[in-house]
Amino acid sequence: MAVGSAFKTMLSAIAALAFFVAATLPSSAQETFSSEPLTIQTSNGKIREFSVELANTNGQRQQGLMYRKAMAPTNGMLFDFGVDREVTMWMRNTLIPLDMLFISKVGKIEHIHANAVPHSESIISSRGAVRYVLELSGGSAANFGIKIGDTVRSAQIGNAK
């Protein structure tokens, strides 16, 4: 009887440990994203092409690019907030530096926050009402010559050519 009791206690401990491990894993891994092509036309007329994942739901926007260990230079994530509003972001649980491009409803880049620091909980503001945020690998805006006033085009924004 003592062996049976010890066995039940051990099973309970194993179950509790499994629950604890599952609870500490990122729940964000459950979100899936569709993707689409996106272009940025720079002020000097160059067209930069990207493939972006779309973050349209609350769950997708909350997960974003958290826990990603790498991202190709021409990949990114486009967050659609559905309405024009001031947007704030942070880098909690984000492992890679990101450039955040804050975009108006017509696709104009209104503000760029370059090289956001991984794991930082500092608030990053759009500095005004925007509808979209495009996250690219840190340094991409400078590397591709992307600046405030450039135009972002995609089906999600509704201005793809």
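Residues numbered from 1 in each chain as written. Predicted model: local features only at pLDDT ≥ 70, side-chain atom pairs only at ≥ 80, totals over all residues. Heavy atoms only, no water.

1. Re the side chain of Asp-99
Thinking step 1. By secondary structure assignment, the location of Asp-99 is in strand 4 (residues 98-103).
Thinking step 2. One buried charged residue, Asp-99, remains without a salt bridge, the closest side chain of opposite sign being Lys-147 at 11 Å.
Thinking step 3. A distance of 3.0 Å separates a polar atom in the side chain of Asp-99 from the backbone nitrogen of Ser-140.
Thinking step 4. One polar contact links the side chain of Asp-99 to the main-chain amide nitrogen of Ala-141, over a distance of 2.8 Å.
Thinking step 5. The contact partners of Asp-99, leaving out residues within four places of it in the chain, are His-113, Ala-114, Asn-115, Leu-134, Glu-135, Leu-136, Ser-137, Gly-138, Gly-139, Ser-140, Ala-141 and Ala-142. (Helix = DSSP H or I, 4+ residues; strand = E, 2+ residues; numbered from the N terminus. Buried < 20%, exposed > 50% of the residue type's maximum accessible area, 1.4 Å probe, protein only. Lys, Arg positive; Asp, Glu negative; His and termini not counted. Salt bridge = Lys/Arg side-chain N within 4 Å of Asp/Glu carboxyl O. Polar contact = N/O pair within 3.5 Å; in protein donor to acceptor, adjacent residues only side chain to side chain. Contact = heavy atoms within 4.5 Å.)

2. Some thoughts on the pattern of salt bridges
Thinking step 1. Within this structure, the stated rule accounts for four salt bridges.
Thinking step 2. A salt bridge links Asp-84 to Lys-105; the nearest nitrogen and oxygen atoms lie 4.0 Å apart. One end of the pair, Asp-84, is in strand 3 (residues 75-89); the other, Lys-105, is in the loop between strand 4 and strand 5 (109-116), with 21 residues separating them in the sequence.
Thinking step 3. Among the salt bridges present, the one from Glu-121 reaches Arg-92, with a minimum N-O distance of 3.1 Å. Taken together, the residues Glu-121 in the loop between strand 5 and strand 6 (124-137) and Arg-92 in the loop between strand 3 and strand 4 connect sequence positions 29 residues apart.
Thinking step 4. The exposure class of Glu-121 is partly exposed, given its relative accessible area of 46%.
Thinking step 5. On the accessibility criterion, Arg-92 (32% relative accessible area) is partly exposed.

3. A word on the packing of aromatic side chains
Thinking step 1. One pass over the full model with this rule turns up two aromatic pairs.
Thinking step 2. Considering the side-chain rings of Phe-50 and Phe-144, the 5.4 Å spacing of their centres and the 85° angle between planes classify their relative orientation as edge-to-face. Here the residue Phe-50 occupies a position in strand 2 (residues 47-55), and Phe-144 occupies one in helix 3 (residues 140-144), the gap between them amounting to 94 residues.
Thinking step 3. Relative to Phe-81, the ring of Phe-79 lies with its centre 6.5 Å away and its plane at 10°, an arrangement referred to as stacked. (Phe/Tyr/Trp six-rings, centres within 6.5 Å; stacked < 30°, edge-to-face > 60°.)

4. Quick notes on unusual backbone geometry
Thinking step 1. Positive phi values are uncommon outside glycine, yet His-119 reaches one of about 70°.
Thinking step 2. In this structure, His-119 sits in the loop between strand 5 and strand 6.
Thinking step 3. The backbone of Arg-127 sits at a positive phi, close to 65°, despite the residue not being glycine.
Thinking step 4. The exposure class assigned to Arg-127 is exposed, which follows from its relative accessible area of 68%.

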